[in-house]
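# Tertiary structure, described
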Amino acid sequence: MEKIIILDFGSQYTQLIARRVRELNTYCEILPYNKFPSDTTDVKGVILSGSPFSVNQPEAFKPDLTPIRGHFPLLGICYGAQYLAQVSGGKVGSSHTREYGRAHLATVDTTEPLMNGVRPNSQVWMSHGDSILEIPENFRVIASTPEVHVAAYRIEGEPTWAVQFHPEVYHSEDGTAILRNFVHTLCGCKADWTPASFIETTVAELREQLVDDQVVLGLSGGVDSTVAAVLLNKAIGKNLHCIFVDNGLLRYNEFSSVLENYKSLGLNVKGVDASQHFYEALKGERDPEKKRKIIGKGFIEVFEAEANKLDNVKWLAQGTIYPDRIESLSITGMVIKSHHNVGGLPERMKMKVVEPLKLLFKDEVRRVGRALGIPELLIQRHPFPGPGLGVRILGDITPEKVRILQEADHIFIEGLRKYDLYDKVWQAGAILLPVQSVGVMGDERTYENAVALRAVCSTDGMTADWADLPNQFLRNISNEIINKVKGINRVVYDISSKPPATIEWE
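Reading the values: rules and limits
Residues numbered from 1 in each chain as written. Predicted model: local features only at pLDDT ≥ 70, side-chain atom pairs only at ≥ 80, totals over all residues. Heavy atoms only, no water. Helix = DSSP H or I, 4+ residues; strand = E, 2+ residues; numbered from the N terminus. Polar contact = N/O pair within 3.5 Å; in protein donor to acceptor, adjacent residues only side chain to side chain. Contact = heavy atoms within 4.5 Å. Salt bridge = Lys/Arg side-chain N within 4 Å of Asp/Glu carboxyl O. Buried < 20%, exposed > 50% of the residue type's maximum accessible area, 1.4 Å probe, protein only. Pairing = 2+ DSSP bridges. Axes fitted to C-alpha atoms, helices over the stretch in contact; angles between N-to-C directions.

### Re the side chain of Lys291
Among the structural elements, Lys291 can be located in helix α8 (residues 288-307). Within the structure, Lys291 has its side chain in polar contact with the backbone oxygen of Gly395 (distance 2.8 Å). If sequence neighbours within four positions are ignored, Lys291 has contacts with Leu282, Glu285, Arg286, Gly390, Ile393, Leu394, Gly395, Ile397 and Glu506.

### Focus on the pattern of salt bridges
Tallied over the entire structure, the rule returns 30 salt bridges. For Arg19, the salt bridge is made with Asp363, and the minimal N-O distance between the two is 3.1 Å. Of this pair, Arg19 sits in helix α1 (residues 14-23) while Asp363 sits in helix α10 (residues 362-371), placing them 344 residues apart in sequence. What makes Arg19 buried here is its relative accessible area of 2%. The salt bridge partner of Glu254 is Arg381, with a shortest N-O separation of 2.6 Å. One end of the pair, Glu254, is in helix α6 (residues 254-261); the other, Arg381, is in the loop between α11 (376-379) and α12 (399-418), with 127 residues separating them in the sequence. Take Glu254: its relative accessible area is 4%, and that puts it in the buried class. The exposure class of Arg381 is buried, given its relative accessible area of 15%. Ionic contacts of the salt-bridge type, sharing partners, join the residues Arg19, Arg20, Glu23, Asp363 and Arg367 into one network.

### Brief notes about the sheet that holds strand β10 (residues 160-163)
Here we have eight strands laid out as an open sheet, ordered β2-β1-β3-β4-β10-β9-β8-β6, and mixed in their pairing. Of all the strands in the sheet, just β2 (28-32) and β6 (107-108) have a single pairing partner and so form its edges. Pairing of β6 with strand β8 (residues 139-144), which is carried by two bridges, proceeds in the antiparallel orientation. In the strand pairing of β8, Thr107 is matched with Ser144. Of the strands in this sheet, β1 (3-8), β2, β3 (43-48) and β4 (74-77) touch α1, which is tilted by about 160° from β2. On the sheet, helix α3 (residues 175-186) packs against β1, β3, β4 and β10 and is oriented at approximately 165° with respect to β4.

Right under this line is the structure:
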């Protein structure tokens, strides 16, 4: 399968490059900046990402590009453009005017294939303090802004191009055209990577990988585990054993409703009520990372116990998707937050891990789900964190806090459906805050909990804006929660975006 390799230098936008390339129906993989594959049979081109570093910093990533330059079409973006210039003998340094955010192209060489369809004065997104001050003789400038002469260039004599802006970011108006020109025209990709082709390839790979082995899968009711289950069921049928665990941290009445939903999909599902097991393990724990790990460990323990009741189970399947893996460990080794379904299993367990969706973004998972014929009710469910309400109850977890949050969250989610807002936001939920405040109900003074409502708009979960929900809707939901949920006397709405915040609070 033909593919584009994206070498990651640690940019916050690297995953967006992958998203845009895949939107062009072309498969791509993100690899560390220094891990270019030895097997390049299917590689059609290479993209160098941006980076949080300056090329002049001692700790900057500076790989040997000899195996790539001249052998594959190459596109450098931001840091990638500056590194290519510097390593070729050019000069990169601090410019008199830094460019962050929106800029406009003053000149564009539309005869250059990379810039085909890019309009003069087209808006681009800049994010750099350094700039390319001098370029080698065999470099040719193909675009400029009023402040940056070398906004884009190509290297004569080799199939290498570079831009100092970010074409992958939505604010770069003709960014998709630039990436399409690179991927389709310059790399010659066929644009045949579609949901149907992914299903065909993945099912074949799963059959080859699993053969006649027994597989156990933990279902959550969310789109990721659902699509993973249907894919596996298509590949291995009766050898797939699905387990749906009630960890006591699910949404209101979710355990029974999810089991009912799976009946139509022909999956072999067993429901396990393990809520008390999780409550005991989490008792008194307030640290969010420790809570995640306790919940993850609890899932493994439950899976292990249930798997031991089955004969010869060798694999644990998970609905891990690409953002889970990216957020769990960045290129610089910094953990943003751990995910309960990412990482190794305890050594005592004999099972290996299979992750059919590990290279897909959320919107891609949904497209694959539709191609598999999964009902829209399941496909369009909002993302829900693996640790469930455990990371939406700030501080320690008790059954009473779970009850309070479940009821408030239910009112919020059902309200979104009632007012036809559910499908207009990417993800929504309520968060129980570890604070109490004074209130008045009737003639009585109250001192009860505050809950925060969170709703965001996004395409892939890597970035997100808070949803601008109607004031009247928020007013109605606030009144309903306070009036109906015993233990809450204050409701607030979260208006922070990602970044700098994350979608979940923990």
